[in-house]
Amino acid sequence: MGFWDALLGRSKPVRPDLDQLFALPSAAITLQAAIGFTPTGAGSVCFAAIEGGAFAHVRQEVRALLAADSARGGAPVEFSRDTYGYSWLLSRRPPDDLPALVSDLHAVNTSLQDSGFGPHLLCSLVTFHDAELRPLALVYLYKRGTFYPFAPLPGDKRDNPLELQARAVLKDDLRIEQDLSRWFPLWGAPGL
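This report concerns the structure included in the present document.

### Description of the pairing of strand β3 (residues 87–92)
Item 1. Counting buried positions along β3 yields five of six residues, so the element is predominantly enclosed.
Item 2. Alignment of strand β1 (residues 38–47) against β3, held across six bridges, turns out to be antiparallel. Bridge pairing links F47 to S87 in β3.
Item 3. The sheet contact formed by strand β2 (residues 78–81) and β3 spans four bridges and is antiparallel. Note that in β3 the partner of S80 across the bridge is W88.

### Focus on the pattern of salt bridges
Item 1. Scanning all chains against the criterion turns up nine salt bridges.
Item 2. A salt bridge links E132 to R134; the shortest N-O distance between them is 4.0 Å.
Item 3. E132 gets classed as exposed once you look at its relative accessible area, which sits at 63%.
Item 4. Judged by relative accessible area, R134 falls into the partly exposed class, the value being 32%.
Item 5. Across the pair R158 and E163 runs a salt bridge whose closest N-O atoms are separated by 3.1 Å.
Item 6. On the basis of relative accessibility, which here comes to 2%, the residue E163 falls in the buried class.
Item 7. Through salt bridges with shared partners, a single network forms among D130, E132, R134 and D159.

### Focus: the nonpolar core
One broad trend across soluble globular proteins is that nonpolar side chains are buried collectively.
Item 1. With 51 residues, the main nonpolar core has L24, L31, F128, L136, V139, L174 and L186 as its most contacted residues.
Item 2. Excluding anything up to four places from it in sequence, L31 contacts G36, F37, F128, L136, L138, A166, V169 and L170.

### Some details on the packing of aromatic side chains
Item 1. Within the structure shown, the criterion is met by four aromatic pairs.
Item 2. Pairing Y148 with W183 gives two aromatic rings, centres 6.0 Å apart and planes at 20 degrees, and the pair type is stacked. Of this pair, Y148 sits in strand β6 (residues 146–150) while W183 sits in the segment after α5 (160–170), and the two are 35 residues apart along the sequence. Comparing Y148 with W183, the two get one shared label, buried.
Item 3. Linked through ring pairs, Y140, Y142 and F147 together constitute an aromatic cluster.

Rules behind the numbers
- Residues numbered from 1 in each chain as written.
- Predicted model: local features only at pLDDT ≥ 70, side-chain atom pairs only at ≥ 80, totals over all residues.
- Heavy atoms only, no water.
- Buried < 20%, exposed > 50% of the residue type's maximum accessible area, 1.4 Å probe, protein only.
- Helix = DSSP H or I, 4+ residues; strand = E, 2+ residues; numbered from the N terminus.
- Pairing = 2+ DSSP bridges.
- Salt bridge = Lys/Arg side-chain N within 4 Å of Asp/Glu carboxyl O.
- Core = buried A, V, L, I, M, F, W, Y, C linked by side-chain atoms within 4.5 Å.
- Contact = heavy atoms within 4.5 Å.
- Phe/Tyr/Trp six-rings, centres within 6.5 Å; stacked < 30°, edge-to-face > 60°.

See below:
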């Protein structure tokens, strides 16, 4: 950062620490043992909408990379756009293969970052549920390098007690976002 940037309060964007995603399998064990939530096998990557040939090429590469995995069993990778204009990639794996799902998400993020689209990455999430099928997502914020739990309820409401319980349980496993105002709701996120 230069002198003028420091003087004017500007900062360089933080480079995402994508290796933080590899902490999710051990966090999942803690989550299951402590409060009974297990992986659903779904995970998503969200990024700002990008148009043009360069991104279309990266999208084809990502699809080919994930489709080449014979263990996937032919499950397609799904691309979608939400009502806010953000793009999502949804990957599915068997619920007991969270390490493979995390590897998928890491590969997608790395491909986007290495192709120059790193600043467009917003978040990744992995979904869980309990015996009552209550949903819970662990969301990774790229620009902060932190995780937070998101527990949606019907009617665009949140299960705040569950989110706080998950935060307490996972504080030793994941770098948890301390600023609760950054725990953004992800209504209708693919896979959730």
